[in-house]
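Examining the three-dimensional arrangement
Residues per chain are reported as follows:
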Amino acid sequence: MSIPDYMQCAEDHQTVLVVVQPVGIVPEDEFFRIYKRITSVAQVSIRDSQRNLYIRYRHHYLPENNEWGDFQTHRKVVGLISVTTCGSAKEWPQTSDRFHCQKDVFGATLYDSRLLVFGLQGEIAEQQRTDVAFYPSYDDCPDVEKRVEDFVESIFIVLESKRLDRATDKSGDKIPLLCVPFEKKDFVGLDTDSRHYKKCCQGRMRKHVGDLCLQAGMLQDALVHYHMAVELLRSVNDFLWLGAALEGLCSASVIFHYPGGTAGKASGREPSLARGQGQAADTGKRHRPGAQEVLIDPGALTANGISADTSSEIGRAKNCLGPEDIIEKYKESISYYGKYKNAGVIELEACVKAVRVLAIQKRVMEASEFLQNAVYINLGQLSEEEKIQRYSILSELYHLIGFHRKSAFFKRVAAMQCVAPTIPEPGWRACYKLLLETLPGYSLCLDPKDFSKGSHRGWAAVQVRLLHELVYASRRMGNPGLSVRHLSFLLQTMLDLLSDQEKKEVTQSLENYTSKCPGGMEVLTLPDGLKLPPVPLSKLPIVRSVKLLDLPVSLRPHKQKGLLENNLSSKSPFIYSPIIMHTRGEERTKKIEFRWVQGDVCEVQLMVYNPMPFELRVEHMGLLTSGVEFEALPAALSLPAESGLYPVTLVGVPRTAGNININGYHTSVFGVTSDCLLDGLPSVRTSGCVVEVIPSLPRLQLSTSLPRSAHPLRPSKEELSSSVSVQLFNGETQQLTITLENIGSEDLETLEVTSKTCNTKEKLFGEFLSWDLEEAVSQLPLKPGQSVTLTVNVKVRLDFSGGENLLQDLNDDGISVTGLPISSPLRQVLKPRAETKALGSESSKTDYNHVKTLEAVMTFKYSGGAGKVEGYYRHLSLGVHVDVEPSVFFTRVSTLPATRTRQCHLLLDVFNSTEHELMVSANNNQDLVLHPSECQRPAAGSSRGEPSLYRSMSLVGMNTSHYVLSI
């Protein structure tokens, strides 16, 4: 016997073996449909008896294994059920002959046989035969199970007769010597009259009768026969059969202690004890560990089993081994099997049975010792298929006792055996399937979400190797999509554990595979139904933070204050509610305070990091959103090797209004498209991912006739959309032309312009900025692409005076003058005047070149479209920066008496501080031309105490600029 049955368990010793095979040409699906119905009859209660007969079915069984039927009767084929298809009466003789030929294969051991014929109708089918059943078709066979039960009962009759025949034969001289196939040549020429030979025959027959009793449902009788066989065989050192007797004793004890079976799943078996033996069963369960064997007198056995003497029941119950004794006897039995080279299959199967018992007893370390022994049992030259089966069963047994990594190891060995070089057609699909089954044992799961829950588990080097083997197997299967998925998983989950060289090799392989089959986010379903989840490459690149950016200053929407208050007040009739405030506080933690506008480009900033030792090219990177329709505008970027944090801005355009949620981002790296969700990236920092998108508003673009300012407004707290700068002389007026173009998609419906002078200590006379808005408003609504022009007058009139000096001069002349807007920056000591510096000196010229600054902000508030209906608007801010230089100074003031007492002559020393020629004009006076840095004295009439008589003077520069001074 060269092929072990790895599915055997201890309770199989009480079963009878029935082979179910097709005869002739039978459709495979139809055969297995009938086979399934036949195998459903696994236990039959014998009529007029309290015993059950258990059946073990096989659809394939080697005849050479049948030769070991005397050694262990459960290996003997005692029943044959043949299934055949016969379409006509002409085919029947040939079909019958095939059936008889099939019986001849197992004829020496068969108790009974049946032939199930499908498709034959007519006279032949109407014949009443016990060994043949005719059915019109595979669908019209209602009594298959009933015929199988009758067949099993007929087997029991034969079994019982054989048991009685062997049990009543007590003549030691006439007992035949049972032997295994390889022993027959050893007994040639042996002295059959020796005491040793007779004991050997008696011991082997006792063991054989024990097997028959166990199959016939007489458990206690079987225990007695096994004990007697053990003593007889031990005395003659018949180790092979002694091991078989010990194994039979263990099997009977296992059936007694574990009536539910040891095969790993409930078989639905009931204890094969008679009702009167219940007390004995309970007593057996209380049998203390380590109890010695109890010898039973063979005379206590009757033809029908153990005698009904209740006084002997307690003694008989002690024949059952305790749980610990079962394992000890298994060890002893296996050690005896190990003495025989040809008993390797028996030894291996005994190890498997012991492991299943130890698994129920939770004694995993001892079970692992049995399995380790099974690994080294030499079974000779095994085929590749037999090796695969052996390693697979070892894997299942290790899994049964909880040794998951050891189980995965043997499963992987079996997978590699499927593609051994000696196999003409390697089974890559079977290899791939077995490799997938090894993943749990190596703490691997193909769902990348499991790797984000905590620290890494398992041996990384083994896991990487296993993933590479999966990639290779899937490629040899002709499925590059699976290779891409496994390589993506390897990069995503094992990136930190790979060396720089391994990273390069894996990415190169991934690019090669994706050139044939790009990777995506779809779920891959394997032929066996297993689904592989998508693997987003969130580590290529690594994102550290996500920040939603506000719109530029010129595009930010604002809510009308009156509407905002009304909306808040309409939510609740109460002035204050802590419940509402608590709810709003929770919303703030999730929702961004600023707003986006429908149709405008919005930005999200990501801080990314390239962990690869080479340049990382991201072909497409865009946003993943929900809540509103959003058009993502993908970006392409190239990150240097181990770049550190690098800012990346992703943009998009919301096409509808509502609340938009930034769920994550998508990338395309190495040919793999990934959707990376922020919920699956707990290490990513974010200040919020929900922002309100309001209806669309018009957009204005501002341009001016003056150059942009290089100086920011000093005291301004608001951000400016633009700013202009100009340099004017004091009293000069400049026109600023502002063009507003509607570059949006909505009509401009309202426009308001305001200005605000920034904080300044300078005293300003008149309006700094002035305009007429009526003409611009008359052109509204302004269609997209149209523009409107606004003219703004910039007029500067500042006070450059150091007034106390002029007053001092007037007071010296006996004149009382206050509040004159006459300018002089010099703080001169006019007493004595002879000490005053010459006006043409360099120091005096430098003192007059003082420049002052004026700054103002113009605000353009506008709205339109659907946003206007919701109460939103936008505004542009234009900063105006003016550097004011002084034009003329009145450096000295004096008076002369006039002809009238109420009048006087006012003498002014006028100094031109500019670099241009100026013409000074006064009422009733001729024009006075002043050259640069020149000072002259025009005369002006004045009256004491009557400011209304003052005149105005006009200064006209030679460059046609016009200035006006009021004095």
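Report follows, based on the coordinates.

Rules used throughout
Residues numbered from 1 in each chain as written. Predicted model: local features only at pLDDT ≥ 70, side-chain atom pairs only at ≥ 80, totals over all residues. Heavy atoms only, no water. Helix = DSSP H or I, 4+ residues; strand = E, 2+ residues; numbered from the N terminus. Buried < 20%, exposed > 50% of the residue type's maximum accessible area, 1.4 Å probe, protein only. Contact = heavy atoms within 4.5 Å. Areas by Shrake-Rupley, 256 points an atom, 1.4 Å probe, with all protein chains shown as cover. Polar contact = N/O pair within 3.5 Å; in protein donor to acceptor, adjacent residues only side chain to side chain. Core = buried A, V, L, I, M, F, W, Y, C linked by side-chain atoms within 4.5 Å. Axes fitted to C-alpha atoms, helices over the stretch in contact; angles between N-to-C directions. Parallel < 35°, antiparallel > 145°, perpendicular 65-115°, else oblique. Pairing = 2+ DSSP bridges.

Here we look at the overall build of the protein chain
Across its full length, the protein chain holds 24 helices and 38 strands. Buried residues in the protein chain amount to 49% of all 967 residues. Put simply, of all contacts in the protein chain between residues at least 6 apart along the chain, 73% involve residues at least 24 apart. Of the roughly 46,900 Å² of accessible surface on the protein chain, 50% is carried by carbon and sulfur atoms.

Regarding the environment of Thr656
Relative to the assigned elements, Thr656 resides in the loop between strand S18 (646–654) and strand S19 (658–669). Between the alpha carbons of Thr656 and Ser696 there is a distance of 8.6 Å; along the sequence they are 40 residues apart. Here the side chain of Thr656 touches Glu629 through a polar contact of 3.0 Å, landing on its backbone nitrogen.

Quick look at the nonpolar core
Within the largest apolar cluster, 82 residues are counted, with the highest numbers of intra-cluster contacts made by Tyr432, Leu540, Trp596, Leu606 and Met621. Counting residues in each nonpolar core, the second largest holds 72 residues, with Leu242, Tyr330, Ala359 and Phe410 among its members.

Observations concerning the packing of helix H14 (residues 404–417) against helix H15 (residues 428–438)
Put simply, H14 and H15 touch, their axes get as near as 8 Å, and they point 170 degrees apart. Between H14 and H15, the crossing angle belongs to the class labelled roughly antiparallel. Where H14 approaches H15, its residues Ala408, Lys411, Arg412, Ala414, Ala415 and Met416 are matched on the opposing element by Cys431, Leu434, Leu435, Glu437 and Thr438.

Remarks on the sheet that holds strand S3 (residues 52–58)
Pairing in this open sheet of six strands is mixed, and the strands run S2-S3-S1-S4-S5-S6 from one edge to the other. The two strands at the open ends of the sheet, each matched to only one other strand, are strand S2 (43–45) and strand S6 (132–135). For this sheet, the mean inter-axis angle between neighbouring strands, taken without regard to orientation, is 25 degrees. Pairing between strand S1 (residues 15–23) and S3: five bridges, direction parallel. Paired with Thr15 across the bridge in S3 is Tyr54. Helix-sheet contacts for helix H1 (residues 28–39) involve S1, S3, strand S4 (77–85) and strand S5 (112–118), and the interaxial angle to S1 is about 160 degrees. Against the sheet, helix H4 (residues 144–168) engages S1, S2, S3, S4, S5 and S6, with an angle of about 165 degrees to S5.

Observations concerning the environment of Arg457
Counting through the fold element by element, Arg457 comes out in the loop between H15 and helix H16 (460–476). Taking relative accessible area as the criterion, Arg457 reaches 54% and is therefore assigned exposed. Leaving out residues up to four positions away in the same chain, Arg457 has contacts with Ser443 and Gln463.

Take it as geometry only, folks, not as evidence of what the structure does.
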